Amino acid sequence: MRFSHETLVVRHGRRTEFPIIVALHSTILGPAVGGCRVRHYDDFQAAIEDALMLAEAMTYKAAVVDNGTGGGKSVACVPVDWSGFQSPDARTALFLDIAEIVDGFGGSYHVAPDVGSTADDMAVIARRTPHVAGLPLLFGGAGGTSHGTAIGLFAALKLAASKLFVSHDLAGLTVAVQGLGGVGSALLALLAHAKASVVATDLDQSKREMVEKSGARWVDAEAIAGQSCDILAPCALGGVLDGPTVAGLNCKLIVGAANNQLAHPEIEQAILARGITYVPDFVANAGGLAYSSGIEIHRLSAAASAKRVEDRIRGVLERAFEMQELGISLTKAAYRIAEDRLRAGGFTGPPAAFG
């Protein structure tokens, strides 16, 4: 197993007795920030590997946009039939356990929402530690990560589109949005305001009414990747860009918020071979991290944090496109930018495992 991390801690929660894993990859540029993933793992080793991989990814996401933070991740391993997904008391007990473990890091790790956890869960954590991000607006937080992620994604989409298409305006371009959770729904509204032509889908059929009210066209989930469009925006689960999917793509640009969109790293070469530009997900979706930490760690206003997100993402993509002209893919360029910042800060670990 690759291990270039500063710290790996496994503790049993004293209320739940569930194993809770915290991996800190790097704090060289600032306190590690990363979400708390709550899920069942059949294999405990897989849970540890997940925490390590996700913590390392957060280091590079933070570094690439010069966020002033490092990378960490926590994973709470719950039974497959855990009642906390329905029981408030069981859920509170788990997040109080997580809070005590987080507090033990003394501020070197700030926990945030992730798969299986919410802004309200962060409010529970805040009862026991101040080292928490993604709090509800009522608590002075950023209200989760969806808003910031959508701001950054839209900035990335506009900048990349300006490099590929004659018009610097999204009006008239066709964008296919896959996944209409918090980020995808916000992107849908931003695209409608920009007068883009949108096709969209989600596995949840109840989202269809929202799509059609926005003026977008609904398509079945299995058909979205093959839609004739200018831009594909994957905003659902990871691993959606595999061999068969890439072979059927009918777009010129991919810019999405989903994490780990590539089924495996070599898929990017297949995308590029088809003449399609791929904006790396850890740049396109960095706005959630940058926005919430801007408010909750750097103490910026919401407006200043939003502007910071847009400026940082546009800036790194401008540099990456300049490097692309020298024959470097956007993904490799982004990792090089992040690694340069880490090395300048004193990081001595190996290069990214996934760049």
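Details of the structure are given in the entry above.
Predicted model, so just to flag it, every value in this text is computed and none were measured.

**Q** How should the nonpolar core be read in this particular structure?
**A** Note on soluble globular proteins: their nonpolar side chains tend to be buried together. Of all hydrophobic cores here, the largest spans 63 residues; its most connected members are Leu 170, Leu 187, Leu 191, Ile 231 and Val 255. The element that contributes the greatest number of residues to this core is helix 4 (residues 146-164), accounting for nine residues. If we skip the residues at most four places from it in the chain, Ile 231 touches Leu 157, Ala 161, Phe 165, Leu 170, Leu 173, Thr 174, Val 175, Ala 176, Leu 253 and Val 255.

**Q** Could you clarify how one ought to interpret helix 1 (residues 44-64) in this entry?
**A** Residues that lie three or four places apart on an α-helix share one face, since the helix turns once every 3.6 residues. The end-to-end C-alpha distance of helix 1, which contains 21 residues, comes to 31 Å, matching closely the 30 Å that a straight helix rising 1.5 Å per residue would cover. Across the 21 residues of helix 1, 15 count as buried, placing the element largely inside the fold. Two or three places before Gln 45, at the opening of helix 1, Asp 43 has a side-chain oxygen 2.9 Å from that residue's backbone nitrogen. Following helix 1 by one or two positions, Asp 66 has its phi on the positive side, about 50°.

**Q** Is there a simple way to think about the sheet that holds strand 1 (residues 7-12) in this case?
**A** Sheet strands line up and pair through hydrogen bonds in the backbone, either parallel or antiparallel. With mixed pairing, the five strands of this open sheet are ordered in space as 1-2-4-3-5. Strands at the two margins of the open sheet, each flanked by one partner only, are strand 1 and strand 5 (109-113). Neighbour-to-neighbour, the strand axes of the sheet open up by a mean angle of 20°, direction not taken into account. Bridging between strand 3 (residues 32-39) and strand 5 involves five bridges; their strand directions are parallel. Looking at strand 5, one finds that Cys 36 is bridged to Pro 113. Across the sheet, helix 2 (residues 88-103) touches strand 1, strand 2 (19-26), strand 3, strand 4 (70-77) and strand 5, and the angle it forms with strand 2 is around 40°.

**Q** Sorry if this is basic, but what is going on with the pattern of salt bridges here?
**A** A pair can form between side chains of opposite charge whenever their charged atoms are brought close. According to the stated counting rule, one finds 14 salt bridges in the structure shown. As a salt-bridge pair, Asp 311 and Arg 314 come within 3.1 Å of each other at their nearest N and O atoms. Of this pair, Asp 311 and Arg 314 are both found in helix 11 (residues 302-324), three residues apart, which corresponds to roughly one turn of the helix. Residue class for Asp 311 comes out partly exposed when judged on its relative accessible area of 34%. If you follow the salt bridges from partner to partner, you end up with Arg 14, Arg 15, Asp 97, Glu 100 and Arg 128 in one network.

**Q** Honestly, the packing of aromatic side chains in this entry has me stumped. Any pointers?
**A** Remark: the centre distance and the inter-plane angle together describe each pair of aromatic rings, the angle taken between the planes. Counting across every chain of the model gives four aromatic pairs. Here Phe 282 and Tyr 335 contribute two aromatic rings whose centre-to-centre distance is 4.4 Å and whose plane-to-plane angle is 25°, an arrangement assigned as stacked. A residue pair is termed long-range when its members are at least 10 positions apart, and Phe 282 in helix 9 (residues 281-284) and Tyr 335 in helix 12 (residues 330-345) qualify at 53 residues. For Phe 282, a relative accessible area of 6% gives the class buried.

**Q** Even after reading the chapter, I still don't get the pairing of strand 2, so can you show me in this structure?
**A** In the case of a regular strand, side chains alternate between the two sheet surfaces. Among the eight residues that make up strand 2, eight are buried, leaving the element largely enclosed by the rest of the structure. In terms of strand pairing, strand 1 meets strand 2 through six bridges, oriented antiparallel. Its bridge partner lying in strand 2, Val 10 is registered against Ile 21.

**Q** What exactly am I supposed to notice about the environment of Pro 31 here?
**A** Examined against the element boundaries, Pro 31 turns out to sit in the loop between strand 2 and strand 3. A sequence separation of 22 residues divides Pro 31 from Val 9, and the C-alpha atoms of the two residues are 16 Å apart. Other than its neighbours up to four places away in sequence, Pro 31 contacts Gly 68, Thr 69, Gly 70, Gly 107, Ser 108 and His 110.

**Q** Got a minute to help me understand a nonpolar patch on the surface in this structure?
**A** A cluster of nonpolar side chains, Phe 3, Leu 8, Val 10 and Phe 44, forms an exposed patch at the surface whose accessible area comes to about 320 Å². By the secondary structure assignment, Leu 8 is in strand 1. By relative accessible area, which is 32% here, Leu 8 ends up partly exposed.

Definitions and cut-offs
- Residues numbered from 1 in each chain as written.
- Predicted model: local features only at pLDDT ≥ 70, side-chain atom pairs only at ≥ 80, totals over all residues.
- Heavy atoms only, no water.
- Core = buried A, V, L, I, M, F, W, Y, C linked by side-chain atoms within 4.5 Å.
- Buried < 20%, exposed > 50% of the residue type's maximum accessible area, 1.4 Å probe, protein only.
- Helix = DSSP H or I, 4+ residues; strand = E, 2+ residues; numbered from the N terminus.
- Contact = heavy atoms within 4.5 Å.
- Expected span 1.5 Å × (residues − 1).
- Polar contact = N/O pair within 3.5 Å; in protein donor to acceptor, adjacent residues only side chain to side chain.
- Pairing = 2+ DSSP bridges.
- Axes fitted to C-alpha atoms, helices over the stretch in contact; angles between N-to-C directions.
- Salt bridge = Lys/Arg side-chain N within 4 Å of Asp/Glu carboxyl O.
- Phe/Tyr/Trp six-rings, centres within 6.5 Å; stacked < 30°, edge-to-face > 60°.
- Patch = residues over 30% accessible without salt bridge, like charges linked within 9 Å, V, L, I, M, F, W, Y side chains within 5 Å.
- Areas by Shrake-Rupley, 256 points an atom, 1.4 Å probe, with all protein chains shown as cover.

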